Each structure stands twice: as structure tokens, then as C-alpha cells.
Amino acid sequence: MTESSAKAHRTVGRVTSILECVARQPGMRLHELSVALDAPKSSVFGLVKGLVSTGYLVEADGAYRLGPALGNLLTGGLPGIATAARPALEELRRRFGETVMLGAAVGDSLIYVDAVESEQPIRYSAPLRTRRPLYPPSAGKIFLAYWSARRREAYLKSVLPDAERVRAAMDELDTVRAEGVALNRGETLPDVSAAARPILVDGEVVAAIAVAGPTTRISGRLPEIGDALAGITAAVVKRWEAARQG
């Protein structure tokens, strides 16, 4: 199977939706999951029982929570990167006074796994662990920039309306890859702009840090924020490597 030929699968989609629902709302019951998935109880029941039997869910009095398999079996990649990044998020908020987020790519989606919100009355607030498109958020652009050209183009064709927009986005992502910084000037929300850089380990993007705020307040500071992020992300990698060795 090529990178660009992945297709949605109903059963896989239902299984991942069950896990995501329970992650957002621990203690969900069968009928709630059935409603959330818009699927028959009988179908959801079989999937839930399978997830319980393999340790991905645990059941108590008819309520479901995430099970130990998720932590014990699926900790591949770089455990601890969020802990290593937390001081960087706080430092960036102190320096710029805006909301700072740590983003991860999950399939074809962007998820913010941690955030330190601005303390200003008018600020950007990003829900955690909620799927959002990779394009055009600045953190999402970071991940896309490091994908192969074929995979990137296939994704962009699925979210952009025409070939001209796809070509422009492809050129933009080439620039992001070359310069190491992605900007979003009101593309997702007109009133919000952001800058992001990757956390790179052995040439692989394991996360991205983004600083976002009201466009009227942050737009002129995006180049400065991008420059600051370069040193910050490098420091995160050093902190993570030291924790691993220590």
C-alpha cells in the first residue's frame, strides 16, 4: 500500500472513536457510546468487549475507561517529551504573553497535548486532545512539511478546493521545511495568528511548539517569535536527552 492510498475503514474508525470518546469522557456507558458513534448497540457492544479483553478498556459497573494496554504497549516514540517541553511552554508565555501549545500528529490530524494559556483577557484557547486538520494550523504545517511530497499532496487535495491552492500550499510547505518555521496569519480563524517550529530528534518531527494569539496583537511579532522558538525547541531536545540519560 502506498502512502497516498490509505482508506477509511468503518470498523477501524469505530474502534478508534470508542477509544477517543472514553479518553475525553471517562466512564461512558454502552448506550452513550452507541449514540456518539451513531451505531447499533449490538455492534458497539462487540467492539467494546474486544477492547476490554485486550486491555485497551476496563469496565466497572457498566462504565468504561481507558485500560493499561495503552500505556504499557503503545509508549513507542519518545515518552517524556511533553514533560521536557513544559518549561519551554511556560517560558514562551512569560516572554510573549500569548498562548503556547505542544502539538502532535495523530494520523492525518493535529492534536494539542499540552498548552499554557495567555493570562490576557482576550486570548486564544485551544482544546486539548481534540482532532483538528493539519492544514492550515501552524503546528500542522510543521508535520506536513516533513512528509513525503506524495503523501503531502494527497492530503492537501483532500482538504483544499482546487489545484491552484494545492500548488500554493505545496510551495509554502517546501519553504517551511527549508526555514524550519511555519506561520498562520488568520488562515484558520481570521482573528488568530500563530508561529510554530518542530521538535526534531534524529531528523524526525516528534512534536511542534506553537505560539498563538489575536492577530491584531501578535501579527507583527511572528518573526520574533519564530526566532525565539528555534532556541527553545533545541533546548527541549537537550532536556529530554538529559532526562533519558540520567
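Data block above holds the structure.
Let me sum up the structure you'll find in this document. (Residues numbered from 1 in each chain as written. Predicted model: local features only at pLDDT ≥ 70, side-chain atom pairs only at ≥ 80, totals over all residues. Heavy atoms only, no water.)

### Topic: the environment of A145
The cut-off we apply is this: Segments assigned H or I by DSSP are reported as helices when at least four residues long, segments assigned E as strands when at least two residues long, and all are numbered from the N terminus. Only heavy atoms enter the contact rule, under which two residues are in contact if any of them lie within 4.5 Å.
Relative to the helices and strands, A145 resides in helix α6 (residues 138–145). Along the chain, A145 and L128 lie 17 residues apart, while their C-alpha atoms are 23 Å from each other. Non-local contacts of A145, meaning those with residues more than four positions away in its chain, are made with R152, L173, V176 and R177.

### Quick word on the pairing of strand β2 (residues 57–60)
Inclusion rule: Strand pairing is defined by DSSP finding a minimum of two bridges between the two strands.
The pairing of β2 with strand β3 (residues 63–66) spans four bridges and is classified as antiparallel. Across the sheet, V58 pairs through a bridge with R65, a residue of β3. Counted between consecutive antiparallel strands, the loop separating β2 from β3 contains two residues, among which D61 sits at a positive phi close to 55°.

### What to know about the pattern of salt bridges
Threshold: Any Lys or Arg side-chain nitrogen found within 4 Å of a carboxyl oxygen on Asp or Glu counts as a salt bridge. For every residue, the accessible area obtained with a 1.4 Å probe (protein chains only) is divided by the maximum for its type, and the residue is called buried under 20%, exposed over 50%, and partly exposed between those limits.
A full pass over the atoms with the stated rule returns 11 salt bridges. Two residues, R217 and E98, come together in a salt bridge whose shortest N-O distance is 2.7 Å. Here R217, found in helix α9 (residues 215–218), pairs with E98, found in the loop between α5 (81–96) and β4 (99–106); they are 119 residues apart in sequence, far enough to count as distant. Overall, R217 belongs to the partly exposed group, its relative accessible area being 29%. With its nearest N and O atoms 3.5 Å apart, the salt bridge here joins R221 to E224. Since its relative accessible area comes to 36%, E224 is described here as partly exposed. Three or more residues joined by partner-sharing salt bridges are found here, namely R86, E90 and D114.

### Digging into the side chain of K141
The cut-off we apply is this: Polar contact criterion, stated in full: a pair of N or O atoms within 3.5 Å, where within protein one must be able to donate a hydrogen and the other to accept it, and residues adjacent in sequence count only if both atoms are side-chain atoms.
By secondary structure assignment, the location of K141 is in helix α6. Among the polar contacts listed, one links the side chain of K141 to the side chain of E172, at a separation of 2.6 Å. Leave out the neighbours within four places in its chain, and K141 touches L134, Y135, P136, E172, L173, V176, A182, L183, N184 and E187.

### Digging into the pairing of β3
As paired elements, strand β1 (residues 28–29) and β3 share two bridges and run antiparallel to each other. Opposite R29, over in β3, you have A63 as the bridge partner.

### Digging into the side chain of E98
What makes E98 buried here is its relative accessible area of 3%. Of the polar contacts made by the side chain of E98, one reaches the side chain of R217; its length is 2.7 Å. Residues within four places of E98 in sequence aside, it is in contact with R93, V116, S118, Q120, V211, A212, G213, P214, R217 and I218.

### A word on the sheet that holds strand β7 (residues 182–185)
Note the threshold: A fitted line through C-alpha atoms represents every axis, and for helices the fit uses only the stretch in contact; the resulting angles, taken between N-to-C directions, go from 0 to 180 degrees.
Read from one edge to the other, the open sheet built from six strands follows the order β6-β5-β4-β9-β8-β7, with strand pairing classed as antiparallel. Looking along the sheet, the strands with just one partner apiece sit at the ends: β6 (132–133) and β7. In this structure, β7 lies alongside strand β8 (residues 192–201), joined through four bridges in antiparallel fashion. Looking at the pairing, L183 lines up with A195 of β8. Strand contacts of α5: β4, β5 (109–116), β8 and β9 (204–214), with the helix running at about 65° to β5, the strand carrying the most contacts.

### Focus: the packing of α5 against helix α10 (residues 222–245)
This is how it is decided: In what follows, roughly perpendicular refers to angles from 65 to 115 degrees, roughly parallel to angles under 35, roughly antiparallel to angles over 145, and oblique to any angle outside these ranges. The sense of a crossing depends on the near helix, which, turned anticlockwise from the far helix by less than a right angle, makes the crossing left-handed and, turned clockwise, makes it right-handed. For this classification, Asp, Glu, Lys and Arg are treated as charged, while Ala, Val, Leu, Ile, Met, Phe, Trp, Tyr, Cys and Pro are nonpolar and the rest, including Gly, are polar.
Between α5 and α10, the shortest axis-to-axis distance is 9 Å and the interhelical angle comes to 150°. On the basis of their axis angle, the class for α5 and α10 is roughly antiparallel. Note on packing geometry: the crossing formed by α5 with α10 is right-handed. Of the residues in α10, those touching α5 at I81, A84, A85, P87, A88, E91, L92, R95 and F96 are E224, I225, A228, L229, I232, V236, R239 and W240. For the contact of α5 with α10, the residue count by class is 13 nonpolar, no polar and four charged.

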